[in-house]
Amino acid sequence: MSDPVLLTLEGVRRVHGSGAREVVALDGVDLTVRLGELVAVMGPSGSGKSTLLNVAGGLDTPTSGTVTIAGDVLSEMDAKGRAALRRKRIGYVFQDFNLIPALTAAENVSLPRELDGVPARKARTEAKAALAEVGLEKQARRFPDELSGGQQQRVAIARALVGPRRLVLADEPTGALDSVTGEAVMRVLRARVDAGAAGLLVTHEPRFAAWADRTIFLRDGKVVDSTGTDEPETLLADSVKGA
Amino acid sequence: MSVKHGLLALLAEEPMGVYRLRKEFEARTGGSWPVNIGQVYSTMQRLERDGLVVKAAQQDEDVELYEPTESGRAEAAAWWRTPVARGEVGRDELVIKLALAVSAAGVDVCDIVQAQRSETMRAMRDFTRLKGQVPAPGEPITSPELAWSLVLDHHTFTAEAEVRWLDHIEASVARAVLTPSRMETMDRHEAEVPR
């Protein structure tokens, strides 16, 4: 049986402005992301990548089409309901980490749970567990400026998936990191998704997109290609080992 | 480059027989360059003929060990110092295909770019899956694992360069304001005058 679907976009269209100034940011996008799946989104500037991420995360509303997150149709909910869904179901990871400087790593991670209404002690226990998942249990009491860029991004990943959150939306998470650190962050993101989450990753770096299960390419708001999930072991036998 | 220099560089570390040489060579290049024992053996014969190796003074009981001569050591040292020349350019099928596609009638360059990009990304995911099996940066790692990891990185970076080039083609074609070339404006017969 296939894994449950966490995110669905059906015929999603997003138009900014009107008349002569009309800009079609997304033009009939269909997308399904299942639990355990990491999907990369690539495309040139202005192709609609950010809009796609915003619409998928309920931060922006499509002009037409539907967005479904863990069974809830966003357009059928009011603003309050959408905000609650966003807060409880979705985690965001940004290029610049966006940790709160005055809070420790553990406090940054436990904050979303405290906002969920979870008692502080339980939130802290969960935060510690989430930090352990990204290999940062020893850094729990450090402040963001005492952590390296890669460590800060791992804290952000822990925060994005703390508690019941299963959908992570990552916007250029490796953009501010060097090549080796970027790889380490992608390994963590991949592992967290494998452990029971779904992810949508916007990146312009193909080698980081290669950590995803598939890549969709956007051009002028349309999905021009969606590389299917491939069979492992297809290529290496001849191209690497045999050269 | 040749297997020859790689083997010579290994012998500069300590005398070895052909079986051990082959094993070391494969392990330390991350298994990316398989060599057979006959190849190693014939390479040793050529190196011996050229005065770059000799049979080691101190022999193992049942294995013939080789060691580099003075000029063999110099050759190995020179190899480390000399940068590797870029291979022959312009013989890549993809380069030829895309160059032709730009001017071919009835061919959509963007379709070719897209199909190729998907294929190259698929290859990159294969490399990355294998990369996921070696220890992450900063974790304890053996030197053969590190070698293999770096070989995989090479394949990944090469593929990434291709994807970037494909992106660039797509953008360049989209922005190009094409004017007829001299070939197209010339009379067909004129263009085909024998040299």
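Before reading further, recall that the structure is shown in the block above.
For the structure given in this document, a descriptive report is provided here. None of these values were measured; they are calculated from a predicted model.

Looking now at the pattern of salt bridges. According to the stated counting rule, one finds 29 salt bridges over all chains in the structure shown. Note that Arg117(B) and Asp167(B) form a salt bridge whose closest N and O atoms lie 2.4 Å from each other. Residue Arg117(B) is located in helix α6 (residues 109-131), and its partner Asp167(B) is located in helix α7 (residues 143-175); the two are separated by 50 residues in the primary sequence. The class for Arg117(B) is buried, based on a relative accessible area of 3%. The partner of Arg117(B) in a salt bridge is Glu170(B), and the shortest N-O contact between them spans 3.0 Å. Highlighted residues: Arg117(B) in helix α6 and Glu170(B) in helix α7, separated in sequence by 53 residues. As far as the burial class goes, Arg117(B) and Glu170(B) line up, both buried. Among the charged side chains, a network of salt bridges with common partners joins Arg113(A), Asp116(A), Lys122(A), Glu126(A) and Arg165(A).

Attention shifts here to the packing of helix α1 (residues 3-11) of chain B against helix α4 (residues 70-81) of chain B. All names here are of chain B. In the contact formed by α1 and α4, the axes pass within 9 Å of each other and the chain directions differ by 115°. Comparing the axis directions of α1 and α4 gives the class roughly perpendicular. Crossing of α1 against α4: the hand is left-handed. Contact residues: Lys4, His5, Gly6, Leu8 and Ala9 in α1; Gly72, Glu75, Ala76, Trp79 and Trp80 in α4. By residue class, the composition of the contact of α1 with α4 is five nonpolar, three polar and two charged.

General note: in soluble globular proteins, nonpolar side chains tend to be found buried as a group. Residues and elements named next belong to chain A. In this structure, Val109, Leu131, Val155 and Leu189 are the most contacted members of the largest nonpolar core, which totals 43 residues. Look past the residues within four positions of valine 109 in its chain and what remains in contact with it is Ala127, Ala130, Leu131, Val155, Ala158, Arg159 and Val162. In terms of nonpolar packing, the next biggest core, distinct from the first, is built from 27 residues, Leu31, Val33, Val39 and Val67 among them.

One key point about sheets: their strands pair by backbone hydrogen bonds, in either a parallel or an antiparallel sense. Residues and elements named next belong to chain A. With mixed pairing, the six strands of this open sheet are ordered in space as β6-β7-β8-β3-β9-β10. Among the strands making up the open sheet, the edge pair consists of β6 (90-93) and β10 (222-226). Taking the axes of each pair of neighbouring strands and ignoring which way they run, one obtains an average angle of 20° across the sheet. Where helix α1 (residues 49-56) meets the sheet, its contacts fall on β3 (38-42), β6, β7 (167-171), β8 (198-202) and β9 (214-219), and the angle it forms with β7 comes to roughly 155°. Along the sheet face, helix α2 (residues 79-89) touches β6 and β7 and points at about 70° away from the line of β6.

All names here are of chain B. Relative to the assigned elements, threonine 43 resides in helix α3 (residues 37-49). Classification of threonine 43 by relative accessible area gives buried; the value is 3%. The residues touching threonine 43, leaving out its near neighbours within four places in the chain, are Lys4 and Leu7.

All names here are of chain A. For valine 55, the location among the structural elements is in helix α1. You can call valine 55 buried: its relative accessible area is 0%. The spacing of valine 55 and valine 134 is 79 residues in sequence and 27 Å in space, taken between C-alpha atoms. Those residues in contact with valine 55, other than ones at most four positions away along the chain, are Val12, Leu26, Asp60, Pro62, Val67 and Leu74.

Here is what the cut-offs are and how they apply
Residues numbered from 1 in each chain as written. Chains lettered and ligands numbered in written order. Predicted model: local features only at pLDDT ≥ 70, side-chain atom pairs only at ≥ 80, totals over all residues. Heavy atoms only, no water. Salt bridge = Lys/Arg side-chain N within 4 Å of Asp/Glu carboxyl O. Helix = DSSP H or I, 4+ residues; strand = E, 2+ residues; numbered from the N terminus. Buried < 20%, exposed > 50% of the residue type's maximum accessible area, 1.4 Å probe, protein only. Axes fitted to C-alpha atoms, helices over the stretch in contact; angles between N-to-C directions. Parallel < 35°, antiparallel > 145°, perpendicular 65-115°, else oblique. Left-handed = near helix turned anticlockwise from the far one by under 90°. Contact = heavy atoms within 4.5 Å. Nonpolar A, V, L, I, M, F, W, Y, C, P; charged D, E, K, R; others polar. Core = buried A, V, L, I, M, F, W, Y, C linked by side-chain atoms within 4.5 Å. Pairing = 2+ DSSP bridges.

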